[in-house]
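Residue-level structural notes
For reference, the chains in residue letters:
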Amino acid sequence: MAIGATAGTTAGTATGTTAADTTAGPRTRTFLRVAVALQTATVFLQAVSAGLLLSTSYGETLHGVGARVMYGASMLYVLAAVLAWRPGGGSPRPILHATGFLVLASAQVVLGVAHVPAVHVPLGVLIFGLSVAALVRTPAARAVRRSDAR
C-alpha cells in the first residue's frame, strides 16, 4: 500500500499539480457537469416545446425562446470545458465535444429558421442523444475526489 501511495504522490508532483490546482479541479468539473446537465435539460425542453408547437398557439413562441436558451447553454458548455481544461488542469477533450455541440446547435437553429423539419427534427434527436451521452460520461467531482484519495 505504501508503494501505491508513493507512486500516487510522485505522479501528482510529476504532472505539476499544486494545492491550488487540486482545489480548483473539483469546482471546474462540477461546473462542467452542471453545464452539460443544463444543455441536456434545455434540449429536452425543446422537444417538449416542439410538441406544443404542433398543438397550441403559443408553441412557436415557446420553441423560439427555448432555442435561444439552448444555444446559450451550448455556449456555456464550451466555456465550462475551457475552464475545466486550462485552469482546472483537466483534459482538453471536452472542449472538442462542446464545440461539436455548438456547431450542431448552430445548424439546428439555421434549419429551424429555414423551416426544414426533415433535417431539423432528426438532428434534434441526435443532439439530445449525444447530450445525454456527454452527461453520463462527465465525471462528478465527488467520484473523482474518491479516486484521487486512493
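Residues numbered from 1 in each chain as written. Predicted model: local features only at pLDDT ≥ 70, side-chain atom pairs only at ≥ 80, totals over all residues. Heavy atoms only, no water.

1. Brief notes about the nonpolar core
Leu32, Tyr77, Ala81, Ala98, Phe101, Ile127 and Ala134 are the most contacted members of the largest nonpolar core, which totals 18 residues. Take this core: its biggest share by element is 6 residues, from helix 3 (residues 59–85). Excluding residues that lie within four positions of it along the chain, Ala98 makes contacts with Tyr77, Val78 and Ala81. (Core = buried A, V, L, I, M, F, W, Y, C linked by side-chain atoms within 4.5 Å. Buried < 20%, exposed > 50% of the residue type's maximum accessible area, 1.4 Å probe, protein only. Helix = DSSP H or I, 4+ residues; strand = E, 2+ residues; numbered from the N terminus. Contact = heavy atoms within 4.5 Å.)

2. Observations concerning the side chain of Thr138
Mapping Thr138 onto the fold places it in the loop between helix 5 (117–137) and helix 6 (141–149). Its relative accessible area of 9% is what places Thr138 among the buried residues. Leave out the neighbours within four places in its chain, and Thr138 touches Leu32, Arg33 and Val36.

3. Quick look at a nonpolar patch on the surface
Taken together, the side chains of Phe44, Leu45, Val48, Phe128, Val132 and Val136 define a hydrophobic patch exposed on the protein surface, amounting to about 520 Å² of accessible area. Those elements that place two or more of their residues in the nonpolar patch are helix 2 (19–55) and helix 5. Inspection of the secondary structure puts Phe128 in helix 5. Here Phe128 falls in the partly exposed class, since its relative accessible area comes to 31%. (Patch = residues over 30% accessible without salt bridge, like charges linked within 9 Å, V, L, I, M, F, W, Y side chains within 5 Å. Areas by Shrake-Rupley, 256 points an atom, 1.4 Å probe, with all protein chains shown as cover. Salt bridge = Lys/Arg side-chain N within 4 Å of Asp/Glu carboxyl O.)

4. So, the packing of helix 3 against helix 4 (residues 93–113)
When two helices pack together, their arrangement is given by the angle between the helix axes and by the axis-to-axis distance. At a minimum axis distance of 8 Å, the contact between helix 3 and helix 4 shows a crossing angle of 165°. The pairing of helix 3 with helix 4 is recorded here as roughly antiparallel in orientation. The element helix 3 and its partner helix 4 pack so that their crossing is left-handed. Across the interface between the two elements, Met70, Tyr71, Ser74, Met75, Tyr77, Val78, Ala81, Val82 and Trp85 from helix 3 touch Pro94, Ile95, His97, Ala98, Thr99, Phe101, Leu102, Ala105, Ser106 and Val109 from helix 4. In the contact of helix 3 with helix 4, the residues fall into 15 nonpolar, 4 polar and no charged. (Axes fitted to C-alpha atoms, helices over the stretch in contact; angles between N-to-C directions. Parallel < 35°, antiparallel > 145°, perpendicular 65-115°, else oblique. Left-handed = near helix turned anticlockwise from the far one by under 90°. Nonpolar A, V, L, I, M, F, W, Y, C, P; charged D, E, K, R; others polar.)

5. Quick look at the side chain of Gln46
With respect to the helices and strands, Gln46 occurs in helix 2. From its side chain, Gln46 meets the backbone oxygen of His63 in a polar contact 3.2 Å long. (Polar contact = N/O pair within 3.5 Å; in protein donor to acceptor, adjacent residues only side chain to side chain.)

6. Focus: the confidence of the model for the chain
Confidence in the prediction for the chain averages 82 pLDDT; 76% of positions are at 70 or higher. Note on residues 1–24: pLDDT under 50 across the span, and 5 contacts to partners over four residues away in sequence or across chains. (pLDDT = per-residue confidence, 0-100.)

7. Some words on the packing of aromatic side chains
The final tally for this structure, using the stated rule, is 2 aromatic pairs. Taken together, a centroid distance of 6.0 Å and an interplanar angle of 40° make the contact between Phe44 and Phe128 tilted. Of this pair, Phe44 sits in helix 2 while Phe128 sits in helix 5, and the two are 84 residues apart along the sequence. On the basis of relative accessibility, which here comes to 45%, the residue Phe44 falls in the partly exposed class. Between Tyr77 and Phe101, the aromatic rings sit 5.7 Å apart at their centres with planes inclined by 50°, giving tilted as the arrangement. Taken together, the positions of Tyr77 in helix 3 and Phe101 in helix 4 put the pair 24 residues apart, joining distant regions of the chain. Among the residues examined, Tyr77 registers a relative accessible area of 2% and is labelled buried. The class of Phe101 is buried, set by a relative accessible area of 7%. (Phe/Tyr/Trp six-rings, centres within 6.5 Å; stacked < 30°, edge-to-face > 60°.)

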